[in-house]
Amino acid sequence: MIIPVILAGGSGTRLWPLSRQLYPKQFLPLVGERTLFQETALRLSSDELLASPIIVCNEDHRFIVAEQMRESGLTASKIILEPTGRNTAPAVYIAARVARTLDPEALLLVLPADHHIKNIATLLDTVRASASIAQDGNLVTFGIKPEYAETGYGYIEQGTKLDCAEPAFRISRFVEKPDKATAEQYLASGDHLWNSGMFLFRADDYMAELEEHNPRMAEACREAVDKGRADLDFYRLDRESFEACPSDSIDYAVMEHVRNGAVVPLDAGWSDVGSWGALWDIKDKDDGGNVTIGDVVTHDVHGSYLHSTGRLLAVVGLKDHVVVETSDAVMVSPKDRVQDVKKIVDTLKGGDRLEAFSHKKVYRPWGAYETINIEKRFQVKRITVKPGAILSLQKHYHRAEHWIVVKGTAVVTRGDEEIVLKEDESTYIPLGYVHRLENPGKIDLELIEIQTGSYLGEDDIVRLDDMYGRQGDIPTK
């Protein structure tokens, strides 16, 4: 059995302001109509040799993962929740431990959730052809045939060819992101491949290697699984055990130390969608070499990526630039400097700016809310509740709320009473009142919420009952 492992824990800081900590790039439809995460899951579902995937993600993103899998009509073997990020090596060890409960001899196909692959058939053919190499005890990684001298990727140097029918090679060494001159040398040599971060190996082989080269990490991972618990459709790792786990990548923790590492060349139209420049490479362009998304008007603009999520974006006289507009931020950068967007995010996080962490529109398992306006003693939100969804039974100590239904029908618990509100009807939730909101209909419920009070933070909440099991979470609606 080949069990895919989808690593969905990345932060995607280089694609700010679209990608935010609470809604990172893998959950965004950046290339097509589906999100990168959905594209990854769906490409695996087309091959009968691949089992349902094991998904490893941050617990903050669990409902996004579940909802996007539901939208795609797919089911996961397991959704494993990390309480904090510890890079790829621990995530894969934990997935391997879980996979062996499904099949003791399972092969793992490890894929990041935020990559784009144009030629899916080529990828799957290469995976099938590489299965015997992995079954023989080799830890296989897939190296991308470079198309140009890229400085934003790590490289793998090919060694001697393996004694097999497939084009597979021993890994000579891993190379960090090079400067331009070195990247051009790698390209000319023909024996260097881009490091894709995709792997294929037996679960037990990977576990044995990590246990040998990093026993402390392996022990922490074992404890995190063994002391973890099921929670609805998820499996929560034990927080204390996992937080004690060292953080490291598969490359550093395992692949650089093993003697049985192998690299298989892959030419499938791969991109890690790691920057706005990478998106410009992927997307179709107009006669001026521009990628334009949303409401964009240009004059004398060439070779640029221009993305508007709402407002009119008017651009004059730019060349080789990136401009991205969201409801709360605008980012402008030369295309050859977009890797530095991460430094902007670091600055925002250092100043505890909300723009680094979330959008104005925040997604929840029951729907979403969007901040329209916020002042010192009031804020206005637009709330959307999915059909059949129910918010938690809750109360607030510092704020009252006014609800006005603008679409659909709401069932409102308000203290000891239950009332039905239709379009253009409203209610008032006094400070301290126990309340709940439910959508009993077949269309989205939309309402305007006006909060008033001395403190309007999302942590002013006492959750009394919640169908999503969030009583222990950071309080949010």
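Conventions used here
- Residues numbered from 1 in each chain as written.
- Predicted model: local features only at pLDDT ≥ 70, side-chain atom pairs only at ≥ 80, totals over all residues.
- Heavy atoms only, no water.
- Buried < 20%, exposed > 50% of the residue type's maximum accessible area, 1.4 Å probe, protein only.
- Helix = DSSP H or I, 4+ residues; strand = E, 2+ residues; numbered from the N terminus.
- Contact = heavy atoms within 4.5 Å.
- Pairing = 2+ DSSP bridges.
- Axes fitted to C-alpha atoms, helices over the stretch in contact; angles between N-to-C directions.
- Disulfide = S-S within 2.5 Å.
- 1 Å grid on protein atoms, 1.4 Å probe; cavity = no way out; pocket = protein on both sides within 12 Å on 5 of 7 lines; lining within 4 Å.
- Points joined across faces, edges and corners; volume = space filled by probe spheres on them.
- Nonpolar A, V, L, I, M, F, W, Y, C, P; charged D, E, K, R; others polar.
- Salt bridge = Lys/Arg side-chain N within 4 Å of Asp/Glu carboxyl O.

The next thing to look at is helix H2 (residues 62-71). Of all 10 residues in H2, seven are buried; the element is thus mostly enclosed. Within H2 the residues assigned to the buried category are Arg62, Phe63, Ile64, Val65, Glu67, Gln68 and Met69. Looking at the buried residues of H2, the elements they touch are helix H1 (36-45), strand S2 (54-58), strand S3 (78-82) and strand S11 (234-236). Directly after H2, the chain includes Gly73, whose backbone phi takes a positive value near 75°.

Paired through backbone hydrogen bonds, the strands of a sheet run either parallel or antiparallel to each other. If you walk across this open sheet you meet the four strands as S14-S16-S18-S19, and the pairing is mixed. Across the chains shown, the open sheet's two edge strands, defined by having one partner strand only, are strand S14 (291-293) and strand S19 (330-334). Within this sheet the neighbouring strands show an average axis-to-axis angle of 5°, counted without direction. Of the pairings in the sheet, the one linking strand S16 (residues 305-308) to strand S18 (residues 321-325) comprises four bridges and is parallel in character. Paired with Ser308 across the bridge in S18 is Glu325.

Moving on: the pairing of strand S27 (residues 426-429). Consecutive residues of a regular strand have side chains that alternate between opposite faces of the sheet. Across the two faces of S27 the burial differs, with Thr427 and Ile429 buried and Ser426 and Tyr428 not buried at all. Note: strand S24 (residues 399-407) against S27, four bridges, orientation antiparallel. When the sheet's bridge partners are listed, Ile404 is paired in S27 with Ser426.

Let's shift gears to the state of the cysteines. Scanning all chains against the criterion turns up zero disulfides. Cys245 takes part in no disulfide bond, and the closest cysteine sulfur, belonging to Cys221, lies 3.9 Å away.

Time to look at empty space enclosed by the protein. As enumerated under the stated definition, the model contains one cavity of 30 Å³ or more in all. Approximately 40 Å³ is the volume found for the largest cavity. Lining the largest cavity, in full, are Ser11, Thr13, Trp16, Ser19, Arg20, Gln21, Val345, Lys349 and Ala356. Among the residues making up the lining of the largest cavity, the classes are represented as three nonpolar, four polar and two charged.

Strands sit in the order S20-S21-S22-S29-S24-S27 across an open sheet of six strands; the sheet is antiparallel. Across the chains shown, the open sheet's two edge strands, defined by having one partner strand only, are strand S20 (361-364) and S27. Neighbour to neighbour, the strand axes of the sheet diverge by 20° on average, direction disregarded. Relative to strand S29 (residues 445-453), strand S22 (residues 378-385) runs antiparallel, the two being bridged by eight bridges. Of the residues in S29, the one forming a bridge with Thr384 is Glu446.

Attention now moves to the pattern of salt bridges. By the definition in use, this model includes 28 salt bridges. Salt-bridge contacts for Arg236 lead to Asp231; the nearest nitrogen and oxygen are separated by 2.6 Å. The same class applies to Arg236 and to Asp231, which are both buried. Between Glu243 and Arg239 there is a salt bridge, with the nearest N and O atoms lying 3.3 Å from each other. Highlighted residues: Glu243 and Arg239, both in helix H8 (residues 239-243), separated by four residues, approximately one helical turn. Classification of Glu243 by relative accessible area gives partly exposed; the value is 39%. Salt bridges sharing common partners tie together Glu59, Asp231, Arg236, Arg239 and Glu243.

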